[in-house]
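# Structural overview
Take a look at the letters that make up each chain.
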Amino acid sequence: MERLELIVVQLEEAKGLIERGRVPHLRLAYILLDSVTELILHRTVQSALWDQELLTGLLAKCKDLAANGHEEAAAEIPSIEARVISKSKLRDIDRNFDAKVAFLADREMLDPALGPVLEKLHKYRNEMYHRDKLRREVLKPATLIYFDSACSALEAYKPHMMAFTGNPLGPELSRFTGGGSGFLEMDLPQRIAAQLRCEVGLDLPHIRSVLAQYLTARLDEMADGLSFIEDNLGVPHLVRGDAMRLVQANLATNPTLEQVRGKKYQYSKADMEQWRSHISALESIAGKHELVREYAAIEDAFEPFEELVEQAVMAVDREVQFQIDIARGK
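Remember, predicted model here, so these are calculated numbers, not experimental data.

### Quick word on the overall build of the chain
A count of helices and strands for the chain gives 15 helices and 0 strands. The dimensions of the chain, computed from C-alpha atoms along their principal axes, are 80 × 60 × 45 Å. For the chain, the residues scored as buried account for 42% of the 330 residues in total. For the chain, the accessible surface area stands at approximately 18,200 Å², while carbon and sulfur atoms represent 52% of it. Averaged over its 41 positive side-chain charges, the chain has a centre that lies 3 Å from the centre of its 52 negative ones.

Laid out in structure tokens, this is it:
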């Protein structure tokens with residue numbers, strides 16, 4: 001029960017922080033939700049891998065017997081090898097969030113549709129925690145989605161047994177147990193997840209609208225950035241579309257404008273139009289997991305180009321300011 005209590009307390013604390021609603025509280029809630037989700041995944045993985053040490057020993061024994069002419073042992077080797085997971089993969093699963101998700105989804109111990117959602121949410125957490133990147137415009141909807149996803153992970157959590165250890169339970173878990181004692185219902189994690197999900201809620205139409213607006217605003221900013229480059233770069237005879245080529249070109253080789261225009265690049269105007277079309281299509285998605293998956297696919301598709309545009313805009317802006325300072329005699 002103490003193991004389940006660790007999970008429930010984190011979810012309850014995250015819920016309280018979400019209710020407070022300010023950016024600092026939402027950030028803490030998000031980090032707590034990522035932590036508790038990885039804890040649930042870790043425990044579920046350990047449960048799934050309980051037989052690996054046994055299988056490894058059995059495989060070694062069968063190989064030893066087979067080397068000494070034991071035909072029955074030799075016949076068992078292929079089936080045992082198929083169940084043994086390599087040490088490198090075990091290390092990856094142990095250390096890597098996405099590997100845990102993929103492993104559990106592959107074994108259908110986690111809804112495969114939840115996998116891409118958790119991977120995207122964990123990526124946002126890493127940005128928050130390691131690079132101080134908050135994405136304020138979508139912080140609240142992302143936190144609400146993560147709470148719902150953590151509840152989904154809890155629904156898949158199936159401990160072997162749950163019993164009181166004699167230590168009193170805190171109020172966070174007690175409110176779900178009815179003050180009982182001894183062994184508890186094995187569906188308790190699922191009932192807790194269902195109740196917490198109802199208490200926090202997930203307004204999917206609102207979240208869908210916010211996510212679409214966020215992506216659209218970023219595409220608009222990219223378009224504005226490309227226009228800014230063309231209007232302020234100081235290169236004669238630029239036309240619309242040249243900036244998109246220039247931000248992707250290798251300018252270190254000092255190519256001519258004709259050479260830049262003559263090459264093909266990864267991103268084009270057609271990509272911008274396609275991204276907008278995909279954003280519009282988000283409005284027709286009813287499933288929460290599909291919505292986040294499609295949102296993530298759009299964002300992941302345009303972010304590398306977005307970074308190129310941002311870097312180029314900053315470089316042009318610095319040069320413009322430098323020329324202004326010279327003109328002012330600074």
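### Remarks on the packing of helix H11 (residues 204–232) against helix H15 (residues 288–327)
The contact between H11 and H15 brings their axes to 9 Å, and the two run at 25 degrees. Between H11 and H15, the interaxial angle falls into the category roughly parallel. Here the hand of the crossing between H11 and H15 comes out left-handed. Taken together, the residues of the contact of H11 with H15 break down into 20 nonpolar, 2 polar and 7 charged.

### A few points about the environment of arginine 328
Within the fold, arginine 328 resides in the segment after H15. On the basis of relative accessible area, arginine 328 is assigned to the exposed category, the value being 60%. Sequence separation between arginine 328 and glutamate 283 is 45 residues, and the spatial gap between their C-alpha atoms is 51 Å.

Conventions and cut-offs
- Residues numbered from 1 in each chain as written.
- Predicted model: local features only at pLDDT ≥ 70, side-chain atom pairs only at ≥ 80, totals over all residues.
- Heavy atoms only, no water.
- Helix = DSSP H or I, 4+ residues; strand = E, 2+ residues; numbered from the N terminus.
- Buried < 20%, exposed > 50% of the residue type's maximum accessible area, 1.4 Å probe, protein only.
- Areas by Shrake-Rupley, 256 points an atom, 1.4 Å probe, with all protein chains shown as cover.
- Lys, Arg positive; Asp, Glu negative; His and termini not counted.
- Charge placed at Lys NZ, Arg CZ, Asp CG, Glu CD.
- Axes fitted to C-alpha atoms, helices over the stretch in contact; angles between N-to-C directions.
- Parallel < 35°, antiparallel > 145°, perpendicular 65-115°, else oblique.
- Left-handed = near helix turned anticlockwise from the far one by under 90°.
- Nonpolar A, V, L, I, M, F, W, Y, C, P; charged D, E, K, R; others polar.

From the geometry alone we can't say anything about function, so treat these as descriptive.
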